[in-house]
Amino acid sequence: MGLFKPSNDAAKKAAAEAALAYVPRGGVIGVGTGSTANCFIDGLADLRNQIAGAVASSEATAQRLRKVGIEVLDLNSVNELLVYVDGADEINPDLHLIKGGGGALTREKIVAAVARQFVCIADDSKCVDILGRFPLPVEVIPMARAYVARELVRLGGSPDLRVGFTTDNGNCILDVHGLEILNPIELEREINQIVGVVTVGLFARRPADVALIGGPSGVRRLTPRP
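Throughout what follows, the structure given in this document is the object of discussion. Computed from a predicted structure; not experimentally measured.

Some remarks on the overall build of the protein
Then, in step 1: Counting secondary structure elements, the protein contains six helices and 13 strands.
Then, in step 2: Compactness check: the protein gives a C-alpha radius of gyration of 17 Å against a globular reference of 17 Å for 226 residues, within 12% of the reference.
Then, in step 3: Each principal axis of the C-alpha distribution contributes one length, and for the protein these read about 50 × 40 × 35 Å.
Then, in step 4: In the protein, which comprises 226 residues, the proportion classed as buried is 51%.
Then, in step 5: Within the protein, residue pairs in contact and separated by at least 24 positions form 73% of the contacts whose partners lie at least 6 positions apart.
Then, in step 6: For the protein, the accessible surface area stands at approximately 10,300 Å², while carbon and sulfur atoms represent 50% of it.

Shown next, in the form of structure tokens:
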């Protein structure tokens, strides 16, 4: 999700391949959106006969899953989602995330909430001590865009409309610059309470359970700090 340098491709692929070990045989999995998730889907193709299907976090992911022969299931028809695999735009040591660079934050958050285990895959450039260097995406009902933008300014951010982009849900996205997110759980709650916000791309109340981080020395496995 977001912008990646070509030099990170090998690290993303390594992290995605490491996540294949978390795929439950015979079960249904959730699959995220973005370039690192796409690497995971490419690897998942070899396991397509060993899983019951997948829940996609976006229309783009659904199309890619079908292309490699994996059945895409509606989340409402699934009784249990054992694992969700997705990338991130930023990751802090508590495995709180910023997501939404690819614009699928709402569906990603829904699938993550349902999944028993959330496995985040990323290259090491996404690891930060404090979230906020990457602009924070906020999905907004179109008629509330200006009001929500004013409220985000009150919180210390500088929101920009993502021009020419509409989410799979028919909404717009405000990308909020200039935030130093010292308390991600509280900020997630505060932004979600603004009328007109569908959701914010902070995954802190439901963080990742495991992060697989690709880098020059291979793949590191991270869990939230105590």
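Let's pick the thread back up.
A word on the state of the cysteines
Should the sulfur atoms of two cysteines be covalently bonded, the bond is a disulfide.
Then, in step 1: According to the stated counting rule, one finds zero disulfides in the structure shown.
Then, in step 2: A disulfide-free cysteine, Cys 120 has its sulfur positioned 8.5 Å from the sulfur of Cys 127, the nearest such atom.
Then, in step 3: When its relative accessible area of 0% is taken as the criterion, Cys 120 is described as buried.
Then, in step 4: Residue classification places Cys 127 among the partly exposed positions, given a relative accessible area of 28%.

Topic: helix 1 (residues 9-19)
Then, in step 1: Of the residues making up helix 1, those classed as buried are Ala 11, Lys 12, Ala 15, Ala 16 and Ala 19. Down the axis of helix 1, the sector holding all buried residues measures 135°, keeping them to one side.
Then, in step 2: Against the buried residues of helix 1 lie helix 2 (35-44), strand 3 (83-86), strand 6 (117-123), strand 12 (210-215) and strand 13 (218-222).

Details of the nonpolar core
Then, in step 1: Core analysis: the biggest nonpolar cluster contains 23 residues, and Ile 29, Val 31, Phe 40, Leu 44, Leu 65 and Ile 121 have the highest contact counts within it.
Then, in step 2: Residue assignment for this core shows that the elements contributing at least two residues are helix 1, strand 1 (28-31), helix 2, strand 2 (53-56), helix 3 (59-67), strand 3, strand 6 and strand 12.
Then, in step 3: Apart from residues lying up to four places away in sequence, Val 31 is in contact with Phe 40, Ile 41, Leu 44, Ala 54, Val 55, Ala 56, Ser 57, Thr 61, Leu 65, Tyr 84 and Val 85.
Then, in step 4: By size, the runner-up hydrophobic cluster in this structure holds 21 residues, among which are Leu 152, Leu 179, Val 197 and Val 200.

Digging into the packing of aromatic side chains
Then, in step 1: Scanning the entire structure with this criterion turns up two aromatic pairs.
Then, in step 2: An angle of 35° between the planes, with centres 5.2 Å apart, marks the rings of Tyr 84 and Phe 118 as tilted. Taken together, the residues span a long stretch of sequence, with Tyr 84 in strand 3 and Phe 118 in strand 6 at a distance of 34 residues. Across the pair, exposure class does not vary: Tyr 84 and Phe 118 are buried alike.
Then, in step 3: One residue, Lys 99, lies across the ring of Phe 203, its end atom 5.5 Å from the ring centre.
Then, in step 4: The lysine or arginine in question, Lys 109, covers the ring of Phe 203, its NZ or CZ lying 5.1 Å from the ring centre.

So, the side chain of Thr 106
Then, in step 1: Summarising the element assignment, Thr 106 is placed in helix 4 (residues 105-114).
Then, in step 2: Since its relative accessible area comes to 11%, Thr 106 is described here as buried.
Then, in step 3: Sequence-distant contacts of Thr 106, that is, excluding residues within four places in its chain, are made with Glu 139, Asn 169, Val 198 and Thr 199.

Procedures and definitions
- Residues numbered from 1 in each chain as written.
- Predicted model: local features only at pLDDT ≥ 70, side-chain atom pairs only at ≥ 80, totals over all residues.
- Heavy atoms only, no water.
- Helix = DSSP H or I, 4+ residues; strand = E, 2+ residues; numbered from the N terminus.
- Rg over C-alpha atoms; globule rule 2.2 N^0.38 Å.
- Buried < 20%, exposed > 50% of the residue type's maximum accessible area, 1.4 Å probe, protein only.
- Contact = heavy atoms within 4.5 Å.
- Areas by Shrake-Rupley, 256 points an atom, 1.4 Å probe, with all protein chains shown as cover.
- Disulfide = S-S within 2.5 Å.
- Arc of directions from axis to C-beta.
- Core = buried A, V, L, I, M, F, W, Y, C linked by side-chain atoms within 4.5 Å.
- Phe/Tyr/Trp six-rings, centres within 6.5 Å; stacked < 30°, edge-to-face > 60°.
- Lys NZ or Arg CZ within 6 Å of the ring centre and 35° of its normal.

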